[in-house]
Amino acid sequence: MFMDILERRLLFQPQPVCDALPTDLGLEYEETWCQSQRGHRLQCWFIPGDHRTDLTWMWFGGAGGNLSLRVGEFAAVRKHTGANIFGFDYGGFGNSRGKATVRNTAADARAALTHLQRTYGADQDHTLFMGISMGAAVSIRLAAESWSPLAMALVAPFASLRDMGKLFYPRLTWSGRLIGNRYKSVALVDRINCPLLILHGTDDELVPLSQGSKLFDAAREPKQLVTVDMAGHMNVGDYSEFWEGLCGWMGDVVLAGKSPAMTGRE
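Residues numbered from 1 in each chain as written. Predicted model: local features only at pLDDT ≥ 70, side-chain atom pairs only at ≥ 80, totals over all residues. Heavy atoms only, no water.

1. Describing the packing of aromatic side chains
Selection criterion: Stacked, tilted and edge-to-face pairs are distinguished by plane angle, under 30 degrees for stacked and over 60 for edge-to-face with tilted covering the rest, among Phe, Tyr and Trp rings (Trp via its six-membered ring) whose centres lie within 6.5 Å. Where helices and strands are cited, they refer to DSSP runs of H or I of at least four residues and of E of at least two residues respectively, numbered from the N terminus. Criterion for a charge above a ring: Arg CZ or Lys NZ at most 6 Å from the ring centre, at most 35 degrees from the ring normal.
Going through the model one piece at a time under the given rule, you end up with 12 aromatic pairs. Geometrically, the ring pair formed by Phe-46 and Tyr-120 is stacked, given 4.0 Å between the ring centres and 10° between the ring planes. Of this pair, Phe-46 sits in strand β3 (residues 41-47) while Tyr-120 sits in helix α3 (residues 102-120), and the two are 74 residues apart along the sequence. By the ring-pair criterion, three or more aromatic residues cluster together here, those being Phe-60, Phe-88, Tyr-90, Phe-93, Phe-129 and Trp-147. Sitting above the plane of the Trp-33 ring, Arg-41 keeps its charged end 4.2 Å from the centroid. The aromatic ring of Phe-216 is capped on one face by Lys-223, whose charged end is 4.6 Å from the ring centroid.

2. Topic: unusual backbone geometry
Outside of glycine, negative phi angles account for most residues, and trans bonds account for most peptide bonds. Put simply, the rule reads: Classification of residues uses two cut-offs on accessible area relative to the type maximum, computed with a 1.4 Å probe and protein chains only: under 20% is buried, over 50% is exposed, and between them is partly exposed.
Going from Glu-221 to Pro-222, the amide bond is cis rather than trans, its omega being -5°. Summarising the element assignment, Pro-222 is placed in the loop between α6 (209-218) and β10 (223-228). Of note, the phi angle at Ser-133 is positive, near 55°, even though the residue is not glycine. When its relative accessible area of 11% is taken as the criterion, Ser-133 is described as buried. Positive phi is not limited to glycine here, since Met-230 has a value of about 75°. Its location among the elements puts Met-230 in the loop between β10 and α7 (240-253).

3. What about the pairing of strand β9 (residues 196-201)?
Where we set the bar: Between any two strands, at least two bridges found by DSSP are needed for them to pair.
Counting buried residues in β9 gives six out of six residues, a clear majority hidden from the surface. On β9, burial covers both faces: Leu-196, Ile-198 and His-200 on one face and Leu-197, Leu-199 and Gly-201 on the other are all buried. Across four bridges, the pairing between strand β8 (residues 151-155) and β9 is parallel. Residue pairing in the sheet places Val-155 in a bridge with Leu-199 of β9.

4. Let's talk about the packing of helix α2 (residues 71-81) against α7
Formally: Interaxial angle, 0 to 180 degrees, is taken between N-to-C directions of lines fitted to C-alpha atoms, where a helix line uses only the stretch in contact. If an angle is under 35 degrees, it is roughly parallel; if it is over 145, roughly antiparallel; if it lies from 65 to 115, roughly perpendicular; otherwise it is oblique. The handedness criterion is simple: a crossing whose near helix is rotated anticlockwise from the far helix by less than a right angle is left-handed, and one whose near helix is rotated clockwise is right-handed. By the convention used here, residues are in contact when the closest approach between their heavy atoms is within 4.5 Å. Amino acids are sorted into nonpolar (Ala, Val, Leu, Ile, Met, Phe, Trp, Tyr, Cys and Pro), charged (Asp, Glu, Lys and Arg) and polar (every other residue, Gly among them).
Close contact between α2 and α7 brings their axes to 10 Å; oriented N to C, the two are set at 50°. On the basis of the axis angle, α2 is oblique to α7. As α2 runs across α7, the sense of the crossing is right-handed. Across the interface between the two elements, Ala-76, Val-77, His-80 and Thr-81 of α2 pack against Trp-243, Leu-246, Cys-247 and Met-250 of α7. Per-class residue counts for the contact of α2 with α7 are six nonpolar, two polar and no charged.

5. Looking at the pattern of salt bridges
The following threshold applies: We define a salt bridge as a side-chain nitrogen of Lys or Arg found within 4 Å of a carboxyl oxygen belonging to Asp or Glu.
One pass over the full model with this rule turns up five salt bridges. Residues Lys-214 and Asp-163 are paired through a salt bridge, measuring 2.8 Å at the closest nitrogen-oxygen approach. Remark: Asp-163 occurs in helix α5 (residues 161-168) and Lys-214 occurs in helix α6; sequence separation between them is 51 residues. The exposure class of Lys-214 is partly exposed, given its relative accessible area of 37%. Residue class for Asp-163 comes out buried when judged on its relative accessible area of 16%.

6. Quick notes on the packing of α3 against helix α4 (residues 134-145)
Two elements in contact, α3 and α4, have axes separated by 10 Å at closest approach and are oriented at 60°. One way to sum up the angle between α3 and α4 is to call them oblique. Crossing of α3 over α4 shows right-handed handedness. Touching Val-102, Thr-105, Ala-106, Ala-109, Arg-110 and Leu-113 of α3 are Val-138, Arg-141 and Leu-142, all from α4. Residue composition of the contact of α3 with α4, by class: six nonpolar, one polar and two charged.

Right, dumping it as C-alpha coordinates:
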(Lines give C-alpha, C1' and ligand atoms only; values in the text may rest on other atoms or scores of the structure.)
Protein backbone atom coordinates (compact mmCIF):
# COMPACT_ATOMS: atom_id res chain seq x y z
CA MET A 1 0.00 0.00 0.00
CA PHE A 2 2.77 2.46 0.92
CA MET A 3 4.65 1.80 -2.29
CA ASP A 4 1.46 2.31 -4.33
CA ILE A 5 1.08 5.74 -2.74
CA LEU A 6 4.74 6.48 -3.30
CA GLU A 7 4.56 5.50 -6.98
CA ARG A 8 1.58 7.78 -7.51
CA ARG A 9 3.34 10.67 -5.79
CA LEU A 10 6.64 10.24 -7.60
CA LEU A 11 5.45 9.05 -10.97
CA PHE A 12 1.99 8.67 -12.35
CA GLN A 13 0.01 11.85 -12.96
CA PRO A 14 -2.53 11.08 -15.68
CA GLN A 15 -4.52 14.12 -16.73
CA PRO A 16 -8.08 14.42 -18.09
CA VAL A 17 -8.56 13.66 -21.75
CA CYS A 18 -9.10 16.73 -23.89
CA ASP A 19 -10.72 16.93 -27.31
CA ALA A 20 -7.48 17.30 -29.26
CA LEU A 21 -6.94 14.91 -32.17
CA PRO A 22 -4.17 14.63 -34.76
CA THR A 23 -6.64 15.81 -37.39
CA ASP A 24 -6.73 19.18 -35.61
CA LEU A 25 -3.19 19.69 -36.91
CA GLY A 26 -3.85 18.20 -40.33
CA LEU A 27 -2.57 14.72 -39.51
CA GLU A 28 -4.38 11.58 -40.56
CA TYR A 29 -4.50 8.90 -37.90
CA GLU A 30 -6.03 5.56 -37.04
CA GLU A 31 -7.34 4.65 -33.61
CA THR A 32 -7.13 1.03 -32.50
CA TRP A 33 -7.27 -0.83 -29.20
CA CYS A 34 -5.13 -3.62 -27.84
CA GLN A 35 -5.55 -5.97 -24.92
CA SER A 36 -2.97 -5.58 -22.20
CA GLN A 37 -1.41 -8.61 -20.59
CA ARG A 38 -3.04 -7.33 -17.40
CA GLY A 39 -6.49 -7.76 -18.95
CA HIS A 40 -7.46 -4.18 -19.76
CA ARG A 41 -7.82 -2.30 -23.05
CA LEU A 42 -5.25 0.22 -24.21
CA GLN A 43 -5.97 3.06 -26.64
CA CYS A 44 -3.51 3.32 -29.54
CA TRP A 45 -2.98 5.84 -32.34
CA PHE A 46 -1.09 5.30 -35.58
CA ILE A 47 -0.13 8.47 -37.47
CA PRO A 48 1.27 7.79 -40.96
CA GLY A 49 4.44 9.63 -41.91
CA ASP A 50 5.19 11.30 -45.22
CA HIS A 51 8.70 10.91 -46.65
CA ARG A 52 9.86 8.15 -44.25
CA THR A 53 6.87 5.83 -44.13
CA ASP A 54 9.26 2.88 -43.97
CA LEU A 55 10.13 3.92 -40.39
CA THR A 56 7.93 4.00 -37.29
CA TRP A 57 8.51 5.66 -33.94
CA MET A 58 7.01 3.71 -31.04
CA TRP A 59 6.22 6.42 -28.51
CA PHE A 60 6.51 5.84 -24.75
CA GLY A 61 4.85 8.74 -22.96
CA GLY A 62 5.92 10.27 -19.66
CA ALA A 63 4.34 10.32 -16.23
CA GLY A 64 1.69 12.90 -17.09
CA GLY A 65 -0.74 13.59 -19.88
CA ASN A 66 -2.20 11.16 -22.41
CA LEU A 67 -2.50 10.79 -26.18
CA SER A 68 -4.80 13.76 -26.57
CA LEU A 69 -2.33 16.05 -24.81
CA ARG A 70 0.59 14.90 -26.97
CA VAL A 71 -0.86 15.85 -30.35
CA GLY A 72 1.53 18.79 -30.70
CA GLU A 73 4.52 16.59 -29.85
CA PHE A 74 3.45 13.98 -32.40
CA ALA A 75 3.05 16.65 -35.05
CA ALA A 76 6.51 18.08 -34.36
CA VAL A 77 8.25 14.69 -34.55
CA ARG A 78 6.44 13.82 -37.76
CA LYS A 79 7.31 17.20 -39.27
CA HIS A 80 11.00 16.89 -38.52
CA THR A 81 11.53 13.16 -39.12
CA GLY A 82 8.80 12.23 -41.63
CA ALA A 83 8.29 8.85 -39.98
CA ASN A 84 5.15 7.09 -38.80
CA ILE A 85 4.25 7.44 -35.13
CA PHE A 86 2.61 4.77 -32.98
CA GLY A 87 1.50 5.99 -29.57
CA PHE A 88 -0.39 4.25 -26.79
CA ASP A 89 -1.67 5.15 -23.34
CA TYR A 90 -0.73 3.07 -20.32
CA GLY A 91 -3.56 1.69 -18.22
CA GLY A 92 -5.18 4.48 -16.22
CA PHE A 93 -4.03 7.13 -18.73
CA GLY A 94 -6.43 8.75 -21.19
CA ASN A 95 -9.10 6.32 -22.31
CA SER A 96 -7.06 3.22 -21.48
CA ARG A 97 -8.48 1.07 -18.73
CA GLY A 98 -6.55 -0.30 -15.79
CA LYS A 99 -4.13 1.16 -13.27
CA ALA A 100 -0.64 2.50 -13.82
CA THR A 101 2.10 0.84 -11.79
CA VAL A 102 5.74 0.12 -12.56
CA ARG A 103 4.89 -3.49 -13.28
CA ASN A 104 1.78 -2.68 -15.32
CA THR A 105 3.51 -0.15 -17.56
CA ALA A 106 6.03 -2.83 -18.54
CA ALA A 107 3.22 -5.24 -19.39
CA ASP A 108 1.32 -2.54 -21.29
CA ALA A 109 4.40 -1.74 -23.36
CA ARG A 110 4.85 -5.40 -24.33
CA ALA A 111 1.19 -5.61 -25.35
CA ALA A 112 1.42 -2.39 -27.38
CA LEU A 113 4.53 -3.64 -29.19
CA THR A 114 2.80 -6.90 -30.09
CA HIS A 115 -0.14 -4.89 -31.41
CA LEU A 116 2.20 -2.72 -33.50
CA GLN A 117 3.83 -5.79 -34.98
CA ARG A 118 0.60 -7.66 -35.76
CA THR A 119 -1.46 -4.71 -36.96
CA TYR A 120 1.13 -2.69 -38.87
CA GLY A 121 3.82 -5.26 -39.64
CA ALA A 122 6.52 -3.45 -37.64
CA ASP A 123 9.90 -5.17 -37.51
CA GLN A 124 13.19 -4.50 -35.75
CA ASP A 125 14.87 -3.03 -38.81
CA HIS A 126 12.30 -0.26 -39.23
CA THR A 127 11.11 0.57 -35.71
CA LEU A 128 12.60 3.22 -33.44
CA PHE A 129 11.74 3.81 -29.78
CA MET A 130 11.07 7.29 -28.43
CA GLY A 131 10.99 7.34 -24.60
CA ILE A 132 9.99 10.54 -22.84
CA SER A 133 11.10 10.99 -19.21
CA MET A 134 9.44 8.14 -17.29
CA GLY A 135 8.65 6.54 -20.65
CA ALA A 136 12.38 6.22 -21.21
CA ALA A 137 12.51 3.74 -18.33
CA VAL A 138 9.65 1.74 -19.84
CA SER A 139 11.29 1.66 -23.28
CA ILE A 140 14.69 0.68 -21.86
CA ARG A 141 13.19 -2.25 -20.02
CA LEU A 142 11.32 -3.42 -23.10
CA ALA A 143 14.45 -3.21 -25.27
CA ALA A 144 16.64 -4.89 -22.65
CA GLU A 145 14.29 -7.74 -21.83
CA SER A 146 12.20 -8.39 -24.92
CA TRP A 147 12.87 -6.69 -28.26
CA SER A 148 15.62 -4.46 -29.56
CA PRO A 149 14.56 -1.76 -32.05
CA LEU A 150 16.64 -0.28 -34.86
CA ALA A 151 17.55 2.64 -32.58
CA MET A 152 16.35 4.39 -29.44
CA ALA A 153 16.01 8.08 -28.55
CA LEU A 154 15.42 9.10 -24.93
CA VAL A 155 14.29 12.57 -23.86
CA ALA A 156 15.13 13.72 -20.31
CA PRO A 157 15.52 10.22 -18.85
CA PHE A 158 16.39 9.42 -15.24
CA ALA A 159 18.95 6.80 -14.25
CA SER A 160 16.76 5.19 -11.60
CA LEU A 161 13.65 5.94 -9.60
CA ARG A 162 15.74 5.46 -6.48
CA ASP A 163 17.94 8.37 -7.55
CA MET A 164 14.89 10.54 -8.12
CA GLY A 165 13.46 9.66 -4.72
CA LYS A 166 16.77 10.49 -3.07
CA LEU A 167 16.92 13.84 -4.87
CA PHE A 168 13.38 15.05 -4.28
CA TYR A 169 11.89 12.99 -1.44
CA PRO A 170 14.85 11.91 0.71
CA ARG A 171 12.87 11.61 3.95
CA LEU A 172 9.81 9.96 2.46
CA THR A 173 11.91 7.36 0.64
CA TRP A 174 14.70 6.97 3.23
CA SER A 175 17.17 8.42 0.71
CA GLY A 176 15.67 6.22 -2.00
CA ARG A 177 16.16 2.93 -0.15
CA LEU A 178 12.42 2.20 0.05
CA ILE A 179 12.10 2.36 -3.72
CA GLY A 180 14.36 -0.59 -4.39
CA ASN A 181 14.99 -1.46 -8.05
CA ARG A 182 11.92 0.15 -9.58
CA TYR A 183 12.73 1.69 -12.97
CA LYS A 184 16.45 1.07 -12.47
CA SER A 185 17.36 1.96 -16.04
CA VAL A 186 21.05 2.39 -15.25
CA ALA A 187 21.26 -1.36 -14.60
CA LEU A 188 19.57 -2.27 -17.89
CA VAL A 189 20.81 0.25 -20.42
CA ASP A 190 24.03 -1.63 -21.23
CA ARG A 191 21.89 -4.56 -22.42
CA ILE A 192 20.40 -2.49 -25.24
CA ASN A 193 21.85 -3.65 -28.53
CA CYS A 194 21.10 -0.65 -30.74
CA PRO A 195 22.28 2.96 -31.24
CA LEU A 196 21.21 5.22 -28.38
CA LEU A 197 20.54 8.96 -28.30
CA ILE A 198 19.88 10.92 -25.11
CA LEU A 199 18.55 14.47 -25.37
CA HIS A 200 18.48 16.53 -22.18
CA GLY A 201 18.03 20.17 -21.26
CA THR A 202 20.76 21.76 -19.15
CA ASP A 203 18.16 23.54 -16.98
CA ASP A 204 15.80 20.59 -16.49
CA GLU A 205 14.09 21.24 -13.16
CA LEU A 206 12.34 17.86 -12.87
CA VAL A 207 14.98 15.41 -14.08
CA PRO A 208 18.46 16.93 -13.69
CA LEU A 209 20.93 16.61 -16.54
CA SER A 210 23.13 14.60 -14.17
CA GLN A 211 20.58 11.79 -14.44
CA GLY A 212 20.75 11.67 -18.24
CA SER A 213 24.55 11.83 -18.07
CA LYS A 214 24.68 8.96 -15.58
CA LEU A 215 22.53 6.84 -17.86
CA PHE A 216 24.65 7.77 -20.86
CA ASP A 217 27.85 6.74 -19.07
CA ALA A 218 26.38 3.31 -18.31
CA ALA A 219 25.25 2.64 -21.90
CA ARG A 220 27.29 0.82 -24.50
CA GLU A 221 28.41 2.25 -27.81
CA PRO A 222 27.17 3.50 -30.20
CA LYS A 223 25.67 6.30 -28.15
CA GLN A 224 25.30 10.05 -28.29
CA LEU A 225 24.36 12.69 -25.72
CA VAL A 226 22.86 15.99 -26.89
CA THR A 227 22.54 18.69 -24.26
CA VAL A 228 20.18 21.55 -25.03
CA ASP A 229 21.44 24.74 -23.43
CA MET A 230 18.93 26.54 -21.16
CA ALA A 231 16.13 24.06 -21.91
CA GLY A 232 13.91 22.75 -19.11
CA HIS A 233 11.92 19.55 -18.81
CA MET A 234 8.76 20.64 -20.56
CA ASN A 235 10.18 22.88 -23.28
CA VAL A 236 13.23 21.02 -24.56
CA GLY A 237 11.48 20.43 -27.88
CA ASP A 238 11.16 24.17 -28.41
CA TYR A 239 14.87 24.51 -29.18
CA SER A 240 16.43 24.05 -32.61
CA GLU A 241 19.35 22.17 -31.04
CA PHE A 242 16.94 19.42 -30.03
CA TRP A 243 15.76 18.81 -33.59
CA GLU A 244 19.23 19.19 -35.09
CA GLY A 245 20.48 16.57 -32.67
CA LEU A 246 17.59 14.17 -33.25
CA CYS A 247 17.53 14.44 -37.04
CA GLY A 248 21.31 14.38 -37.40
CA TRP A 249 21.54 11.24 -35.26
CA MET A 250 18.65 9.64 -37.10
CA GLY A 251 20.33 10.29 -40.43
CA ASP A 252 23.53 8.66 -39.17
CA VAL A 253 21.98 5.46 -37.82
CA VAL A 254 19.09 4.78 -40.21
CA LEU A 255 19.78 3.29 -43.62
CA ALA A 256 17.87 4.57 -46.65
CA GLY A 257 14.48 2.89 -46.40
CA LYS A 258 13.56 0.53 -49.20
CA SER A 259 10.89 -1.49 -47.45
CA PRO A 260 7.15 -1.23 -48.23
CA ALA A 261 5.48 1.70 -46.48
CA MET A 262 3.37 0.92 -43.41
CA THR A 263 0.32 3.04 -44.01
CA GLY A 264 -2.49 1.02 -42.46
CA ARG A 265 -3.69 -2.25 -41.12
CA GLU A 266 -3.14 -5.48 -43.01
